[in-house]
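Given next are the chains, with one letter for each unit.
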Amino acid sequence: MERRSYGIRARARWTDPLTKQRVIRTEIVKDEATAQAFFETLRNSSVKGMDVSMTLLEFFTSIDDRWARGLDMTSTGDNYRYGLRLRVLPALGHLPVTQITAGMIDRTIDEWEKQYGASTIKNTIAPLVRVLDEAVRDGLITINPAKHRAKRSLHRNAFRVQPAEDAAPRAHAIPDLQKLNQLASACGDVHQSYSDFVMLAALLAARSSEVSGLQVGDVDFTKNLVIIRRQVFPGRGGLITKPTKSRKERRVPILDPLRPS
């Protein structure tokens, strides 16, 4: 410790056992107690084999894709990655991992709720939880402060604007076959494939990716069934083909409006 007119200059020097290079860390502090805390942080870093003062961005960079183990990188993984890079790191990346608290995360989520929907926020909190889980495994922190943030009742938050009654999701549901035909006809004015897509999605209760994944062999007019067994959607590197979300085939009866005239 070196006393200066502006405080104390705390300095530590050591030789890196791997590179054999001399390493120096210095910090200007106000008193000896703060200097000793700085030295203790460096000792903890040497014991744990990592810099315990690293920021969330530095930690995220150091673990590479370890946080994404077990994720489907063609769909969920991409959404989580966008959530991290577009929202989590800009908001929290500059903070030391050891100083991130549940309160900080809650206040950050409050700000997100003013701008984004519940689905976007969940795709942002989930990867943050995964990254901080890795920090717990590495011994950087003892508990994950984001662990239960994903369970917040997002729709009850005071900052979220409650939708008008006519803006509720069910308000836009197609009430009957007549309205469905009217919608399909309007889509057909652009191209017949759009009309067919609307009819298939509505009358097979299928996701858009499941309609895209239908093949000729999936339709059995003799048994009056359509077998939904795959989904196709754009992803990293082009079109992605994979099983349905439930990983199970579904057999859906063919309704009269779907039969060729």
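Description of the structure in this document. Just so it is clear, the structure is predicted and the values come from calculations on it, not from any experiment.

Turning our eyes to something else, we now look at the overall build of the protein chain. Along the backbone of the protein chain there are eight helices and eight strands. Over its C-alpha atoms the protein chain spans a radius of gyration of 27 Å, topping by over 25% the 18 Å that the globule rule assigns to 261 residues. On the principal axes, the C-alpha backbone points of the protein chain span a range of 90 × 45 × 30 Å. Here the protein chain holds 261 residues, and the buried ones make up 35% of them. When contacts within the protein chain are restricted to residue pairs at least 6 apart in sequence, long-range pairs at least 24 apart make up 52% of them. Accessible area for the protein chain stands at about 16700 Å²; split by element, carbon and sulfur atoms hold 53% of it. Charged side chains in the protein chain number 41 positive and 29 negative. The centres of these two groups are separated by 4 Å.

Inspection of the secondary structure assignment puts Met104 in helix H4 (residues 102–113). Classification of Met104 by relative accessible area gives partly exposed; the value is 26%. It is 9.6 Å that separates the C-alpha atoms of Met104 and Ala146, two residues lying 42 residues apart in sequence. The residues contacting Met104, other than those within four sequence positions of it, are Leu95 and Gln99.

So, about the sheet that holds strand S2 (residues 7–15). Ordered by their spatial adjacency, three strands build an open sheet running S1-S2-S3, and the pairing between neighbours is antiparallel. Looking at the sheet topology across the chains shown, the edges are occupied by strand S1 (2–4) and strand S3 (22–29). Neighbouring strand axes in the sheet, compared pairwise and without regard to direction, differ in orientation by 20 degrees on average. Note: S2 against S3, eight bridges, orientation antiparallel. The residue bridging Arg9 from the neighbouring strand is Ile28, located in S3.

Let's shift gears to the side chain of Arg87. In this structure, Arg87 sits in helix H3 (residues 76–92). Within the structure, the side chain of Arg87 is placed 2.7 Å from the side chain of Thr124, a separation counted as a polar contact.

Looking now at unusual backbone geometry. In the Ramachandran plot, Asn224 falls in the positive-phi region, its phi being about 60 degrees despite a non-glycine side chain. Position of Asn224 among the secondary structure elements: in the loop between strand S4 (219–220) and strand S5 (225–228).

In the sheet, strand S6 (residues 231–235) pairs with strand S7 (residues 238–242) via five bridges, with the strands oriented antiparallel. Directly across from Val232, in S7, lies its bridge partner Thr241. Linking two consecutive strands that pair antiparallel, namely S6 and S7, is a turn of two residues; a positive phi of about 90 degrees is found at Gly237 within it.

On to the packing of helix H6 (residues 177–188) against helix H7 (residues 192–203), then. Contact pair H6 / H7: the axes reach a minimum separation of 6 Å and the direction vectors enclose 155 degrees. The angle between H6 and H7 falls in the class roughly antiparallel. As H6 packs across H7, the resulting crossing turns out to be right-handed. Along the contact surface, H6 presents Leu180, Asn181, Leu183, Ala184, Ser185, Cys187 and Gly188, while H7 presents Gln192, Tyr194, Ser195, Val198, Met199, Ala202 and Leu203. For the contact of H6 with H7, the residue count by class is nine nonpolar, five polar and no charged.

Let us now look at the pattern of salt bridges. What the rule picks out here adds up to 18 salt bridges. The residue Glu2 makes a salt bridge to Arg9 at a minimum N-O spacing of 3.0 Å. With its nearest N and O atoms 3.5 Å apart, the salt bridge here joins Arg251 to Glu249. Taking relative accessible area as the criterion, Glu249 reaches 40% and is therefore assigned partly exposed. Connected via shared salt-bridge partners are Arg66, Arg69, Glu134, Arg137 and Asp138.

What counts as what
Residues numbered from 1 in each chain as written. Predicted model: local features only at pLDDT ≥ 70, side-chain atom pairs only at ≥ 80, totals over all residues. Heavy atoms only, no water. Helix = DSSP H or I, 4+ residues; strand = E, 2+ residues; numbered from the N terminus. Rg over C-alpha atoms; globule rule 2.2 N^0.38 Å. Buried < 20%, exposed > 50% of the residue type's maximum accessible area, 1.4 Å probe, protein only. Contact = heavy atoms within 4.5 Å. Areas by Shrake-Rupley, 256 points an atom, 1.4 Å probe, with all protein chains shown as cover. Lys, Arg positive; Asp, Glu negative; His and termini not counted. Charge placed at Lys NZ, Arg CZ, Asp CG, Glu CD. Pairing = 2+ DSSP bridges. Axes fitted to C-alpha atoms, helices over the stretch in contact; angles between N-to-C directions. Polar contact = N/O pair within 3.5 Å; in protein donor to acceptor, adjacent residues only side chain to side chain. Parallel < 35°, antiparallel > 145°, perpendicular 65-115°, else oblique. Left-handed = near helix turned anticlockwise from the far one by under 90°. Nonpolar A, V, L, I, M, F, W, Y, C, P; charged D, E, K, R; others polar. Salt bridge = Lys/Arg side-chain N within 4 Å of Asp/Glu carboxyl O.

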